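Residue-level listing of the chains:
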Amino acid sequence: MTRVSEEPSTGPHAAPRLSVIVPMLNEARGIDALLARLLPALESTDLDFEIIAVDDGSVDDTLEILKQRHASNARIKALSLSRNFGKEIAVAAGLRHASGDAVVIMDGDLQHPPELIPKLVAQWRNGYDVVYAQRIDRDADSPTRRFLARIFYRTFRMLSGTRLHENAGDFRLLSRSAVAALNRLGERARFNKGLYAWIGFKSIGVPFDVPERPDAGKSRWRPRQLWHFALDGLASFTTIPLRIWSYLGLAISLLALAFGLYIIVDTMLYGNSVRGYPT
């Protein structure tokens, strides 16, 4: 990984720092539109801030544009991953480099409105460690996707015992304590929504409407990717599949042992017509 940045200013009178993590994959066309709304929203919080864009192996000019924006504004920084690791790992990389007293995680396609950030900050100032943006509805998703999402969340809760934050995605604010807890977790296959809920901490939701994508594009998440993502989430938070296969293996072993004992007893009492079979 390569970081394009400058060391944050520190001092006894420095304002609390707010870090904003934005995972990006081929977002060259939308960077300026994002910054045009994100910078004023952050300035309205009266906090010192940094923007950490995580380039997740883009093949367009995403990284070059970020370098140019950093040259004109040092608070805009970038992490460049060596290849496409996926959004979950990109967020984890950003969390490890964020220096803020609070950290906001958001997407770069403007479906996470930057104007909501001051409301997230306000709840953090009220003492909440996890402040998640809560979608008022899921009308942007197809009926099939909404149905499958409900099934997944119910299954996840039943198998893992962890209640996910309702109608919440990655758009949220985390306190430094919550970030430190996440950074101590070493999972490679990460299901961040589950981790945000699993670490605990005092949490609250801030409702918002999900706007349309400015370019009228579609989600990059394909059915196959969502399927694998769901399986990773379930496998990461429950040992039930491992227990099932352990019990199945034990049952097969007991059946094999019982059959072996039967062959031995049968041979000793009645002999065996198939020469060499008992041995």
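Residues numbered from 1 in each chain as written. Predicted model: local features only at pLDDT ≥ 70, side-chain atom pairs only at ≥ 80, totals over all residues. Heavy atoms only, no water.

Participant: For this particular structure, what's the right way to read the packing of aromatic side chains?
Facilitator: Think of a pair of aromatic rings as described by two things: how far the centres are apart, and how the planes are tilted against each other in angle. In total, this model carries 2 aromatic pairs according to the counting rule given. Between Phe171 and Phe208, the ring centres sit 5.9 Å apart and the planes meet at 90°, which makes this aromatic pair edge-to-face. Of the two residues, Phe171 sits in strand E7 (residues 168-175) while Phe208 sits in strand E8 (residues 203-208), which places them 37 residues apart along the sequence. Like Phe208, Phe171 is buried. Looking at Arg83, its charged tip hangs above the ring of Phe85, at a distance of 4.0 Å from the centre. The side chain of Lys202 reaches across the aromatic face of Tyr128, ending 4.7 Å from its centre. (Phe/Tyr/Trp six-rings, centres within 6.5 Å; stacked < 30°, edge-to-face > 60°. Helix = DSSP H or I, 4+ residues; strand = E, 2+ residues; numbered from the N terminus. Buried < 20%, exposed > 50% of the residue type's maximum accessible area, 1.4 Å probe, protein only. Lys NZ or Arg CZ within 6 Å of the ring centre and 35° of its normal.)

Participant: What is the right way to read a nonpolar patch on the surface from this model?
Facilitator: Residues Leu250, Leu254, Leu257, Leu261, Ile264, Val265, Met268, Leu269 and Tyr270 make up a contiguous nonpolar surface patch of roughly 1,000 Å² in combined accessible area. Residue Leu257 is classed as exposed on the basis of its relative accessible area of 53%. (Patch = residues over 30% accessible without salt bridge, like charges linked within 9 Å, V, L, I, M, F, W, Y side chains within 5 Å. Areas by Shrake-Rupley, 256 points an atom, 1.4 Å probe, with all protein chains shown as cover. Salt bridge = Lys/Arg side-chain N within 4 Å of Asp/Glu carboxyl O.)

Participant: Help me out: how do you make sense of the environment of Asp129 in this one?
Facilitator: Structurally, Asp129 can be placed in the loop between helix H4 (117-125) and strand E6 (130-135). The contact partners of Asp129, leaving out residues within four places of it in the chain, are Leu173, Leu174, Ser175, Ser177, Ala178, Phe201 and Lys202. In this structure the side chain of Asp129 is engaged in a polar contact, spanning 2.6 Å, whose partner is the side chain of Ser175. (Contact = heavy atoms within 4.5 Å. Polar contact = N/O pair within 3.5 Å; in protein donor to acceptor, adjacent residues only side chain to side chain.)

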